[in-house]
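Letter by letter, the chains look like this.
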Amino acid sequence: MSDLSSLTGSNNYFEDFAVGQRMRHARSATIDEVENNYISKQVMNTAQTHWNEEILAGSPLGDGRLVFGLITGSMAVGLASQDTAENALGELGLDAVRFSKPVHHGDTITAYTEVLDTADAPDRDDSGIVRFKHWGCNQHGEVVCELERLVLIKRRSHWGAAIPETETETREVQ
């Protein structure tokens, strides 16, 4: 069987995160109408701001239906995950979730992260806990959401393969 650590990044193990470290994540994503409608219906969110275009026309919230906040937060976490959770063993919690500006269909979200804390995982020597603060910003650079996230992350010393820095071959999953 192939070494599964070759499938994840080599610089996002627990040991790689330092308090105060900041990241701008490489990808951004535009939130489409389908994401808002599908998830809002799944969770039975019937707030008229998500369903009724007419009531928002000319309102202080802007024209067009609003994107359900948890979709915006999920998008920010998803965009941050390649850098912050590729070696995660588990999501432990979300705290201090705030939505500061309305998001509409067609808005593009970019995610940013700061490492707030790192700690040993109780009863586990193969992982540690990292507290991240994530921000989602719209295409105008305005913060639209922020949240804190607690993640259990593998320690390189237990999970990482010793891959020489000069290795350039592509590994295949078997």
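An account of the accompanying structure is given in this report. (Residues numbered from 1 in each chain as written. Predicted model: local features only at pLDDT ≥ 70, side-chain atom pairs only at ≥ 80, totals over all residues. Heavy atoms only, no water.)

## Looking at the overall build of the chain
Line of reasoning, step 1. The helix and strand tally for the chain stands at five helices and five strands.
Line of reasoning, step 2. Listing every helix and strand of the chain by position from the N terminus yields β-α-α-α-α-β-β-β-β-α.
Line of reasoning, step 3. Classification of the 174 residues of the chain by burial places 37% in the buried group.
Line of reasoning, step 4. For the chain, the proportion of contacts with a sequence separation of at least 24, taken over those separated by at least 6, is 72%.
Line of reasoning, step 5. Of the accessible surface of the chain, which amounts to about 10,000 Å², a share of 50% is contributed by carbon and sulfur atoms. (Helix = DSSP H or I, 4+ residues; strand = E, 2+ residues; numbered from the N terminus. Buried < 20%, exposed > 50% of the residue type's maximum accessible area, 1.4 Å probe, protein only. Contact = heavy atoms within 4.5 Å. Areas by Shrake-Rupley, 256 points an atom, 1.4 Å probe, with all protein chains shown as cover.)

## A look at the packing of aromatic side chains
Line of reasoning, step 1. Enumeration over the complete set of coordinates arrives at one aromatic pair.
Line of reasoning, step 2. Seen in terms of ring centroids, Phe17 and Phe132 are 5.2 Å apart; in terms of plane orientation they differ by 85°. Their pairing is edge-to-face. Taken together, the positions of Phe17 in the segment before β1 (22–30) and Phe132 in strand β4 (residues 127–137) put the pair 115 residues apart, joining distant regions of the chain. The same class applies to Phe17 and to Phe132, which are both buried. (Phe/Tyr/Trp six-rings, centres within 6.5 Å; stacked < 30°, edge-to-face > 60°.)

## Some thoughts on helix α1 (residues 33–42)
Line of reasoning, step 1. Of the positions making up α1, those classed as buried are Asn36, Asn37 and Ser40. Considered in projection along α1, the buried side chains sweep an arc of 90° and stay on one side of the axis. For α1, exposure combined with an orientation more than 90 degrees from the buried face picks out Val34, Tyr38 and Gln42.
Line of reasoning, step 2. Looking at the buried side of α1, the elements it contacts are α2 (48–51) and α4 (69–84).
Line of reasoning, step 3. Looking one or two places after α1, you find Met44, whose phi comes out positive at around 60°. (Arc of directions from axis to C-beta.)

## Some details on the sheet that holds strand β5 (residues 143–154)
Line of reasoning, step 1. The antiparallel open sheet is built from five strands, whose spatial order is β1-β3-β4-β5-β2. Whereas interior strands pair on both sides, the edge strands pair on one side only; in this sheet they are β1 and β2 (88–99). The sheet shows a mean angle of 25° between the axes of neighbouring strands, direction not considered.
Line of reasoning, step 2. In the sheet, β4 pairs with β5 via eleven bridges, with the strands oriented antiparallel. Directly across from Ser127, in β5, lies its bridge partner Lys154.
Line of reasoning, step 3. Contacting β1, β2, β3 (108–120), β4 and β5, α4 crosses the sheet at an angle of about 125° to β1. (Pairing = 2+ DSSP bridges. Axes fitted to C-alpha atoms, helices over the stretch in contact; angles between N-to-C directions.)

## Some points on the nonpolar core
Here is a general trend for soluble globular proteins: nonpolar side chains tend to be buried in one another's company.
Line of reasoning, step 1. Membership of the largest hydrophobic core is limited to eleven residues, which are Ala29, Ile31, Val67, Phe68, Ile71, Met75, Leu79, Val103, Ile109, Ala111 and Val144.
Line of reasoning, step 2. Counting only elements with at least two residues in this core, the list comes to α4 and β3.
Line of reasoning, step 3. Sorting elements by how many residues they give to this core places α4 first, with three residues.
Line of reasoning, step 4. If sequence neighbours within four positions are ignored, Val103 has contacts with Ile31, Arg65, Leu66, Val67, Thr72, Ile109 and Val144.
Line of reasoning, step 5. Val130, Phe132, Val151 and Ile153 belong to the second-largest nonpolar core, a separate cluster that totals eight residues. (Core = buried A, V, L, I, M, F, W, Y, C linked by side-chain atoms within 4.5 Å.)

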